[in-house]
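Residue-level structural notes
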Amino acid sequence: LLKLDVDEAEARYAQQQKDVAFRKASQTAEIRILELTLERHKRHMGRHVHDLQRYTITAPMDGLIVMASVFRGGEMGQIQQGDQVYPRQQVMKVVDIRSMQVEGSVSQSDSGELRLGQHASVGFDAFPDMKFEAKVFSIGALAVGGWRQNYYIRSVPVRVQIEGSDPRLIPDLSAHCDIVVDSAANQLQVPLGAIQEENGKAFVNVK
């Protein structure tokens, strides 16, 4: 019986010795498969990292983010996560609240009185107590017409640079601006309706 056990053990050992090469090849192949899977996952992660770098938009300046409104779901609304945007479509604005401007227009008949650098005062409908000094920053070269106005009514775009800042001063506020086209010191001021003309001379009646 012992001799039979020894023979059986030797036969089993010889068979396992033969299987070593096959097991080694099988495990080597399995390791290679895992290495290829690891490489594939690394490349997949690298693509996501590259996408994050490409889709990360860095503003060239600090400021306040103002989201743009788009037509979504049958109505106007702000862009949300998952919305599809297109090339050259405005997504948001970065506004430097320390350097704000008022965009407006002036009638073409009065545009000749405007000059760059003229002083102005700016007020806001939302905050009647908030006033700012300002200067004319730019004057449009061409007169434009509005789609709600007659074609012969033209206005000139004007931008006024606000001097100063306030936490309440945010983009898209409605504002009004008074531009000083001329000034003189120590002058007598009378109502325009009181001035009369006779024989080419202007005069005012004093009681």
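This paragraph deals with the overall build of the chain. Secondary structure summary: the chain contains one helix and 11 strands in total. In sequence order, the secondary structure elements of the chain are arranged as α-β-β-β-β-β-β-β-β-β-β-β. In terms of overall size, the chain is more extended than a compact globule, its C-alpha atoms giving a radius of gyration of 40 Å where 207 residues would be expected to give roughly 17 Å. Viewed in the frame of its principal axes, the chain has a C-alpha envelope of about 150 × 40 × 30 Å. The proportion of buried residues among the 207 residues of the chain is 14%. When contacts within the chain are restricted to residue pairs at least 6 apart in sequence, those whose partners lie at least 24 apart make up 61%. Within the structure as shown, the chain displays about 17800 Å² of accessible surface, and the carbon and sulfur contribution to it stands at 54%. Of note, the chain has its 24 positive side-chain charges centred 7 Å away from the centre of its 26 negative side-chain charges.

With 18 residues, the main nonpolar core has V122, F124, F132, V158, V160, I162 and L169 as its most contacted residues. When contributions to this core are tallied by element, the ones reaching two or more residues are β5 (101-107), β6 (119-124), β7 (131-139) and β8 (155-163). Counting residues per element, this core draws most heavily on β8, at four residues.

As enumerated under the stated definition, the model contains one aromatic pair in all. With a centroid separation of 6.0 Å and 85° between ring planes, the pair formed by F124 and F132 is classed as edge-to-face. Like F132, F124 is buried.

All right, on to the confidence of the model for the chain then. This prediction gives the chain a mean pLDDT of 88; 97% of its residues lie at or above 70. Across the chain, the element-wise mean pLDDT spans from 78 in strand β2 (residues 69-72) up to 94 in β6.

Analysis parameters
Residues numbered from 1 in each chain as written. Predicted model: local features only at pLDDT ≥ 70, side-chain atom pairs only at ≥ 80, totals over all residues. Heavy atoms only, no water. Helix = DSSP H or I, 4+ residues; strand = E, 2+ residues; numbered from the N terminus. Rg over C-alpha atoms; globule rule 2.2 N^0.38 Å. Buried < 20%, exposed > 50% of the residue type's maximum accessible area, 1.4 Å probe, protein only. Contact = heavy atoms within 4.5 Å. Areas by Shrake-Rupley, 256 points an atom, 1.4 Å probe, with all protein chains shown as cover. Lys, Arg positive; Asp, Glu negative; His and termini not counted. Charge placed at Lys NZ, Arg CZ, Asp CG, Glu CD. Core = buried A, V, L, I, M, F, W, Y, C linked by side-chain atoms within 4.5 Å. Phe/Tyr/Trp six-rings, centres within 6.5 Å; stacked < 30°, edge-to-face > 60°. pLDDT = per-residue confidence, 0-100.

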